[in-house]
Amino acid sequence: MTTESLARGPARQRLIVVGSGIAGLYSALLAAEAGAEVVLLTKGALAESNTYYAQGGISAVLDEPAPGDTVAAHIADTLTAGAGHCNEEAVRVLCTEARLDIAGLGRFGVEFDLDDDGDPALGLEAAHSAPRILHAGGDATGAGVAAALIRTVLDFQAAGKIQVIGHAHVTSLSLGGLQGGRVVGANFLHDGRHLGVHGDSVLLATGGAGQLFAQTTNPSVATADGLALAWRVGAAVADLEFFQFHPTCMVLPAEAREVEGNNDPLLISEAVRGEGAVIVDAHGHRFMPDYHPDAELAPRDVVARSIALHLARLGDPNGHVFLDATVIEEQRGSGFLAKRFPTLSKRTRQAGVDWTRELVPVAPAAHYWMGGVVTDLYGRTSVPGLLAAGEVACTGVQGANRLASNSLLEGLVFGRRAVEAFLGSSGASPAGVPQRANSAAGRGAAGPLAPALVPRAGDRLASSAAGSGPHATTALSEPPAALESMESMDGHPLARPASSSGFSRQALRRLMTAKAGVLRDGQLLAEAAETLGSWEGEVLPLNVPDSFAVREHEDSNLLLAAQLLVHAARERRESLGAHYRSDSVRESDSVSEPAAVDDFDKRYTMSRKVSLVHD
């Protein structure tokens, strides 16, 4: 197929931003405001992103925090939720700089909810030790933030500061430079044509991959596109075994899905449980206190796993439990739910449930991927010219389990920092991160760039993580073989492909839910790997499809992401955070083969063989 190039404008620095969630929109605005030429590519409409559907809010300790709250407390809560697997310096940056980017959102038209005194209304959510959650429009924070940023982006577009290209599905990244190892552009499908745009750097802000699973809170565009793009040019990825399942997503009856045209469950935010809602089973038993002392306010992975385990014990592993929000209405007065959660009140009514009087059927659903493309504290990946921010990135800030309402914040803080790196204003790299060989400033700068990260045993990704904490994030000494060889870092083989029914999106999602979802074990993961491998001949996950059909590209990306996730999950044989294995080596001595991740605090990092980068 031929590639047409977009006409280039004046010789300013050009940043190509891929994705229109909070990280993409905010980064594009900041770069344009600083005078860079910005091309924003979005797969669908600007509002089609995980950000738009986010309900919970944005966590931040403001200049005037809630009584008793501190940045140190926010850091501690994040580290606790992350199960000791966080990059401590990344967490410090996130929590310390949060207030700066909340103010930045205000400059771009975002208005947060206020209390009766005109101060920011701060909510409490699961695993937070104090109220620090900002909302916009009650339970429609994502939509409120996205709408304001989109308006500003469109204003910038009208002023010639940002070029927005909608319905542009990026299929591959272009490599160039003196040694052909720098990302210099992006190729995409648009309006029946295959186009290309060149730039000084590409910022991936493509979100996650909820479409890997049968039930997800993510929109249909969440098909692991950014992860696949980065992997195919040789970028390192990490922590892919850690996929968070939101524990309380409404199970819609078939007739309700037909009415709404929505096959995904409706997320019932942590904020509802923060206000006092409880979870009960079909017998009316409130079971969460049986599993964790924090009950419904335990971290997400604990609540999701507890529900799955409880349903299994009841003999109904594919069933659901119930969220009882009637207690809130009883305690806070009639009309409180409608005022505090207007969107949820409307959506539950549309589904035939009056949650002021009735129980809401809920079950866990794929929600957020903690792993992703490895970056330093300024969004720089291991491939020169390639930046990443938001859910597609792995800064290490989320650890093994994301703290509620930290995801939108991560997109803001590290999206801004990626722009700073692009503009060359980030100063010296954090300790332990190699300096780039030349600045991002100026088109066509001579010489290749040094990798942003070089995985080496024991090297922390940031300076403050260099302490002796038992759970500090590390990179392993050698990248595993590429998926072509299907070998682990220790050299023992993965299950070889075997015959199975043909590939389909539905079959992939069913497989991942059944064998690599909330509950996992070695046998299930081996079966998943075998089936995924058997589909390679049909879908060719390591290659860019020679097709103008977006769905074919998505299928290839999903299969690749599924293989990488399952591979990482097989290598981490201990349960940690959102990765739960019933055959965890800490619970059983029956595992004879050595695991690649033999220390539970280590990060499992993968990258494609250098010799295969240009295949």
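Shown above is the structure to which this text applies.
Small disclaimer: the values here were computed from a predicted structure and weren't measured.

Colleague: Could you give an account of the overall build of the protein, naming the residues involved and the relevant values?
Modeller: Check the secondary structure of the protein and you find 17 helices and 21 strands. In the protein, which comprises 615 residues, the proportion classed as buried is 61%. In the protein, once contacts between residues fewer than 6 apart in sequence are set aside, the share between residues at least 24 apart is 72%. Of the roughly 22200 Å² of accessible surface on the protein, 51% is carried by carbon and sulfur atoms.

Colleague: Could you give an account of the sheet that holds strand β20 (residues 393-394), naming the residues involved and the relevant values?
Modeller: Within a sheet, adjacent strands bond to each other through the backbone by hydrogen bonds, running parallel or antiparallel. Here four strands make up an open sheet; going across it, the order is β20-β18-β12-β21 and the pairing mixed. The open sheet terminates on both sides in strands that have one partner only, identified here as β20 and β21 (605-606). Bridge analysis of strand β12 (residues 237-238) against β21 gives two bridges, and the strand direction is antiparallel. Bridge pairing links Ala238 to Thr605 in β21. Against the sheet, helix α6 (residues 225-232) contacts β12, β18 (372-374) and β21, and its axis sits at roughly 40° relative to β18.

Colleague: With reference to specific residues and values, describe unusual backbone geometry.
Modeller: A positive phi angle, close to 60°, is found at Ala83, a residue other than glycine. Checked against the element boundaries, Ala83 lands in the loop between α3 (71-81) and α4 (88-107). The partly exposed category is assigned to Ala83, whose relative accessible area is 24%. Of note in this structure, His167 is not a glycine but carries a positive phi near 50°. Along the chain, His167 turns up in the loop between β7 (162-165) and β8 (169-176).

Colleague: For a negative patch on the surface, give the residues involved together with the corresponding values.
Modeller: A cluster of acidic side chains, namely Glu64, Asp115, Asp116, Asp117 and Asp119, defines a negative patch on the protein surface. Along the polypeptide, Asp116 turns up in the loop between α4 and β5 (122-123).

Colleague: Would you mind going over the pairing of strand β16 (residues 321-324) in detail, with residue names and values included?
Modeller: Taking every second residue as pointing to the same face, both faces of β16 are buried, with Val321 and Leu323 on one and Phe322 and Asp324 on the other. As paired elements, strand β15 (residues 278-280) and β16 share three bridges and run antiparallel to each other. Bridged to Val278 within β16 is Asp324. Pairing between β16 and strand β17 (residues 360-369): three bridges, direction antiparallel. In the sheet register, Leu323 faces β17, and the bridge partner there is Val360.

How each quantity is defined
Position numbers for residues count from 1 along each chain, tracking the sequence in the order it is written. The model is predicted, so local features are restricted to residues of pLDDT at least 70 and side-chain atom pairs to those at 80 or more, both for listing and for counting; the totals for chains, interfaces and linings are taken over all residues. The basis for the side-chain values is all heavy atoms of the structure; hydrogens and waters are excluded. Helix and strand assignments come from DSSP, with helices taken as H or I runs of at least 4 residues and strands as E runs of at least 2, each series counted from the N terminus. Burial classification: accessible surface area is computed with a 1.4 Å probe over protein chains only, and a residue below 20% of its type maximum counts as buried, one above 50% as exposed, and the rest as partly exposed. The criterion used for residue contact is that any of the two residues' heavy atoms lie within 4.5 Å. With residues, only the protein chains shown are counted as cover, and all accessible areas are computed by Shrake-Rupley using a 1.4 Å probe. Think of it this way: DSSP has to see at least two bridges between two strands before they count as a pair. In this analysis an axis means a line fitted to C-alpha atoms, helices contributing only their contacting stretch, and an angle means the value between N-to-C directions, from 0 to 180 degrees. The residues that make up patches have over 30% relative accessible area and no salt bridge, and they are joined within 9 Å when like-charged or within 5 Å when they are Val, Leu, Ile, Met, Phe, Trp or Tyr. Salt bridges are counted wherever a side-chain nitrogen of Lys or Arg sits within 4 Å of a carboxyl oxygen of Asp or Glu. For the purpose of charge, His is not counted, nor are the chain termini; Lys and Arg are scored as positive and Asp and Glu as negative. Think of each charge as sitting on NZ of Lys, CZ of Arg, CG of Asp or CD of Glu.

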